[in-house]
Every structure is written in C-alpha cells, then in structure tokens.
Amino acid sequence: MTRSMEKIVALCKRRGFIFQNSEIYGGQNGFWDYGPLGTELKRNVRDVWYHDMVSAHNELQQPAGAPSTFQMVGLESALIMHPQVWKCSGHYDLFHDMMVDCHACKGRFRQDHIPNTPCPQKPSKMVGEHTGCQLTEPREFNLMMKTILGALGTEEDAAFLRPETAQGIFVNFKNVCDSTRVKLPFGICQVGKSFRNEITPRNFTFRSREFEQMEIEFFCHPSQSREWYTYWRDRRYNWYLNLGIAKDRIILRDHHQDELAHYSVGTADIEYAFPFLSEGEFGELEGVAHRGDFDLRSHTEGKLTKNAAGELEVEKNADGTPKHRGSGKDLTYFDDQTRERFLPHVIEPSAGADRGTLAFICEAYHEDQQPDEKGEMQERILMKFHPRLAPVKAAVFPLIKKEGMPEKAAEIFGELKVAGLNCQYDQQGAIGRRYRRQDEIGTPFCITVDGDTAKDNCVTVRDRDSLQQDRVPVSRIVDEIVSRLKA
Ligand code: ATP
C-alpha cells in the first residue's frame, strides 16, 4: 500500500478533517480550516501533548533518563507583543528567507527550495533548469506578519503577529518565578498560534502562514544543560513513537555544527517521512534546541551578535549605542540553596501542532480488502489512529431500527457522552457499511445492540484493527471502552 498525498487530502476533505480556507472564494494560500473531525483530532494532539508534558507530570518523581526531578507549568501569552521583543530576539533583523522572482512566469520562490520546485510553466522541469526562466537576484524577505494597532495607522503603530510562541515565555520568565514557587530546573509550556509570511506555502498544512506550535522552554543550571538537552531530545522523539508513528518513518537528526544557530550548543530535529517527499527524505516535525542563555540575555542587554572571537556581545551602532536595547531588567535566577545567582540555560523542544496532526493522519492511513455482506471483497480505507488521538472514540449502532434496539443504543450513546467520550450514533444502512464509515475516520470501537441484547443484556464490541468482536455487559460498557482507550 502506498500512502499517496492525493488520497489523504481527498479523505481529509471528504470526511471533514481539513478544508481549504475561504474555499467558496477560491481559497487563501497558506491558510487551512479544520472540519469537525479535524478539530477533534487536532484538539486531541494538543491535549495529549499538554497532558503528557504538564498535567500528568509528577514533580516528585524522577522520570527515566532525567538528571533529576523537575516542575512543568503552563503559560498563555498574547499573539502580539511589544515590537522591542522581536528586535532583541533577532527576528526583526534576521528572520528572513531569500526570495527569487521569475520575470518569465511571474512565479516567486524561496531560493533554497528552487532545486526541488517544479517550474509553473513546464512542470516536468525544475525552476531554473530550462532556458525560459528569468530569475532575479535573491532578495531578503522578512517572514514576520505586520499589523497596525490603533486608529492612526502610522508606521509607529506597526506591530507583528508572533512568529513563534517561545518569546512570550522568555519575557514572562521573571513573572513565573515571582508568582509561583518553581525552582530550577523547570519548564514553561505554551500551545498557541504563530504566523509566518511564508514565501511559498505548500505541501498541504505542512508549510502554512498560520499554524500552531506546542513549545517548551526548559530552564536549568548551565552545568547541567547538556544532560537536559539529551533527555528532552530522546523524550520528545519517544512521544511520537508512543503515539503510533512507525520507527522507520521518523528520525532524530542531529544538526551539523555549521547548521547550528550561533547561540546553540546542539540542536536535533525530529523528522517524519511525509508522503509528499521523495523516498528517503524527511520533513521537520519538531526541533529540540539547546539555546544557552541567549534569549534571557538578549531581553536583558539587547540584541546579541557574535564577535570576531566567536563570543556573544551586544550589537552596537557606529556611535557605540546598542542597536536594539534590551529591557534592562534583571532576568537572573537566584538559587537560595547554593546562594548562587546566574542566567539559566534553556532547552527548547518546539513542535508544530499542525505538522504533528498531519503526520498522525498520514501514518494512520491504511487500505485493505474486506468482504462485504455478500462476501465480495471490497477496498476498505482504515485510519489507524492511536486511541488517544482518534477523533471519535466509539460508535453505537442498533442492528435494526425496531424491537427496542434504537432506544437501547441511544441509552448507551448517552452514557458514553456523559463520560466525556466523543461518540457517534448511526442507524442508517447495512451494518457492514456502518463499520466502514467508522473505519474511514479511525473510530477504534463500534458497539452494536442486536436481537440478543434484550435477553442477555450484552452488546457486541468490535475492534477496528483486529476486527475481533466481544460480548460485553451493557452495565460495564462505559468502563470497558474507557479502559480499552487507555490500553
Ligand atoms: P522549517 O525549516 O520547516 O521552516 P523551522 O525550523 O523554521 O521550520 P521552527 O522555527 O523550529 O521551524 O519552528 C518549530 C516548529 O513549528 C517546526 O518544527 C514546525 O513543526 C512548526 N512550523 C514552523 N513553521 C511552520 C509553518 N510554516 N507551517 C506549519 N508549521 C510550522
């Protein structure tokens, strides 16, 4: 079975996972809308991440592989921040891609994507391969989206939609330390929208202009930062494996020294073999970066740059004043046990919620052959979502629309709903067709009320993957489904 992007995109539209944004007006490039099932799925991705990283984290217990116990807390900062944040973080001056235009086809391309971009006029050739292309010199293009605040609308009122959620965490570092009893090491976690004016949004939701990130800034003592870097790199990689991504389709790729950002001691990308890539190629799902004290220092002192000796120092104008002034606030941490004051180092696991959701969709896609009611083999599309991620947890069917079966099925459906499980009720069509409808959206369990239910007070539970059917007492059905979802 090949996972083709065409089939996956078609299924996403057909069953209401992902729609083109503003479709009735021809679409808006780089923006996507999640339909009812996509909304459930993406919410599960975010919730599972938050649960595993924050809510279920036990600060009294040392997780396997971690150098010590630690705390994890959440944060929700605004999408728009003071413009000085982006000047000090480096985004204002440095967050750009190189853009190339073609005078012949009027196409606009990211310079580093050109070798793999089909020419809009001759799709069998890549841009730049044939004589007709008239490419301009590469120009810098800042990826931050600008907006105007207030009624006057002058350039002084310009602000930026955040291109990452991370800076909201750094500028609140002191607030979190002062308002809670966190002690180093600890992590601050944030899930939220980010915006980047991507030159060429493409590959479905993989490269969008509006997307969601799930970021952790983990603060630790500088002497322990390498150990924590290794811990987070491995833990985040395993998170995807535990949610069902096959080992041969996900890699942990350490960046080469020359790929590292100037402040970073180490960075690794977690990458997935998306079906739109060529055989052997992988696309980034998440970056895990060792950021040293770069961010807290920049927000104290001003924008940093590397000097001739390779050390970070405040970037200066010709007259010696800082190019972009920091807050001047003291963002150091005081350890009351050791009486030491220092700037913590930071490990940043930064994941994309949309790219994660897309990877889980691609991974779930399966096709097989199953006999229909007449015993004839039919192609079946099966979304093998991990039960924690599945948008619909169970479907309830009365075998036929009489003999009290719909009433009993509605009762069970109501109990599952009260237990907080997203379920569907379906009494339309042959039972086999109802199973196939649920398989195509990845529902792990189908519950059927049949003629025997009135006698033995049991229902049939069918497992999506093994196709095994078990009789389960109606009185235990909610507990049974809840425990199977956790298994
Ligand atoms: P890329 O090299 O693919 O542009 P990046 O290295 O710039 O990504 P980061 O700045 O490390 O990405 O952002 C962290 C995560 O946010 C990425 O791993 C990805 O999952 C997500 N992300 C970044 N840009 C986009 C985008 N344009 N669309 C969807 N998700 C994105």
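Further up the page is the structure itself.
In this report, we go over the structure that sits alongside the text. (Residues numbered from 1 in each chain as written. Predicted model: local features only at pLDDT ≥ 70, side-chain atom pairs only at ≥ 80, totals over all residues. Heavy atoms only, no water.)

Another aspect to go through is the overall build of the chain. Scanning the chain for helices and strands turns up 13 helices and 25 strands. Along the three orthogonal principal directions, the C-alpha set of the chain runs to about 90 × 70 × 50 Å. The buried share of the chain, reckoned over its 487 residues, is 49%. Put simply, 63% of the contacts in the chain that link residues at least 6 apart link residues at least 24 apart. For the chain, the computed accessible surface area is about 23,400 Å², with 48% contributed by carbon and sulfur atoms. When the 63 basic and 72 acidic side-chain charges of the chain are each reduced to a single mean position, those positions are 3 Å apart. (Helix = DSSP H or I, 4+ residues; strand = E, 2+ residues; numbered from the N terminus. Buried < 20%, exposed > 50% of the residue type's maximum accessible area, 1.4 Å probe, protein only. Contact = heavy atoms within 4.5 Å. Areas by Shrake-Rupley, 256 points an atom, 1.4 Å probe, with all protein chains shown as cover. Lys, Arg positive; Asp, Glu negative; His and termini not counted. Charge placed at Lys NZ, Arg CZ, Asp CG, Glu CD.)

If you look at the biggest cluster of nonpolar residues, it comprises 56 residues, and the most contacted ones within it are F17, F218, W228, W232, W239 and Y240. The residues touching W239, leaving out its near neighbours within four places in the chain, are V45, V48, W49, D52, M53, M214 and F360. In this structure, I412, L421, I447 and V472 belong to the second largest nonpolar core, which totals 20 residues. (Core = buried A, V, L, I, M, F, W, Y, C linked by side-chain atoms within 4.5 Å.)

On to the environment of V191. Looking at the element boundaries, V191 is found in strand β9 (residues 186–195). Considered as a pair, V191 and E76 are 115 residues apart in the sequence and their alpha carbons are 7.3 Å apart. In this structure V191 touches R46, W49, Y50, E212, Q213 and M214, once residues within four positions along its chain are discounted.

Here the focus is the pattern of salt bridges. Pairs may arise between side chains of opposite charge once their charged atoms sit close together. Summed over the entire model, instances satisfying the criterion amount to 42 salt bridges. With its nearest N and O atoms 3.0 Å apart, the salt bridge here joins K42 to D354. Here K42, found in helix α2 (residues 36–55), pairs with D354, found in helix α9 (residues 353–364); they are 312 residues apart in sequence, far enough to count as distant. In this pair, the class of K42 matches that of D354, namely buried. Residues joined in a network through salt bridges with shared partners are D97, R110, D112, E198 and R207. (Salt bridge = Lys/Arg side-chain N within 4 Å of Asp/Glu carboxyl O.)

Where strand β19 (residues 365–371) lies against strand β20 (residues 377–383), 7 bridges are found, and the strand directions are antiparallel. Each residue of the ladder has a partner; that of P371, found in β20, is M377. Here β19 folds back onto β20, and the loop between the two strands holds 5 residues, one of which, G375, carries a positive phi near 85°. (Pairing = 2+ DSSP bridges.)

Per the counting criterion, the structure on display carries 1 cavity of 30 Å³ or more. Taken together, C102, A104, C105, C119, Q121, H130, G132 and C133 form the lining of the largest cavity. A class-by-class count of the residues in the lining of the largest cavity yields 5 nonpolar, 3 polar and no charged. (1 Å grid on protein atoms, 1.4 Å probe; cavity = no way out; pocket = protein on both sides within 12 Å on 5 of 7 lines; lining within 4 Å. Points joined across faces, edges and corners; volume = space filled by probe spheres on them. Nonpolar A, V, L, I, M, F, W, Y, C, P; charged D, E, K, R; others polar.)

The next subject is the site of the ligand. In the vicinity of the ligand there are 15 residues, among which E198, R207, S208, E284 and L285 approach most closely. Between a nitrogen atom of the ligand and a side-chain N or O atom of E198, the distance comes to 2.8 Å. In the model, an oxygen atom of the ligand is placed 3.1 Å from a nitrogen or oxygen of the G352 main chain. When the ligand sits alone it has 590 Å² of accessible area, and the protein chains cover 81% of it. At the level of secondary structure, the elements contributing two or more residues to the shell around the ligand comprise β10 (210–220), β13 (283–292) and β18 (345–352). Counting residues per element, the shell around the ligand draws most heavily on β13, at 4 residues. Taken together, the residues of the shell around the ligand break down into 3 nonpolar, 6 polar and 6 charged. (Near = heavy atom within 4 Å. Polar contact = N/O pair within 3.5 Å; in protein donor to acceptor, adjacent residues only side chain to side chain.)

What follows concerns a nonpolar patch on the surface. A cluster of nonpolar side chains, L79, I80 and L149, forms an exposed patch at the surface whose accessible area comes to about 210 Å². Residue placement: I80 occurs in the loop between β3 (71–74) and α3 (83–89). (Patch = residues over 30% accessible without salt bridge, like charges linked within 9 Å, V, L, I, M, F, W, Y side chains within 5 Å.)

Moving on, we get to the state of the cysteines. This structure, assessed with the given rule, holds 0 disulfides. Of all cysteine sulfurs in the structure, the one in C362 sits closest to C12, which takes part in no disulfide; the separation is 7.8 Å. A residue is classified by how much of its surface remains accessible, and C12, at 0% relative accessible area, is buried. Here C102 is not disulfide-linked; the sulfur of C105 is the nearest cysteine sulfur, at 3.8 Å. Residue classification places C102 among the buried positions, given a relative accessible area of 4%. (Disulfide = S-S within 2.5 Å.)

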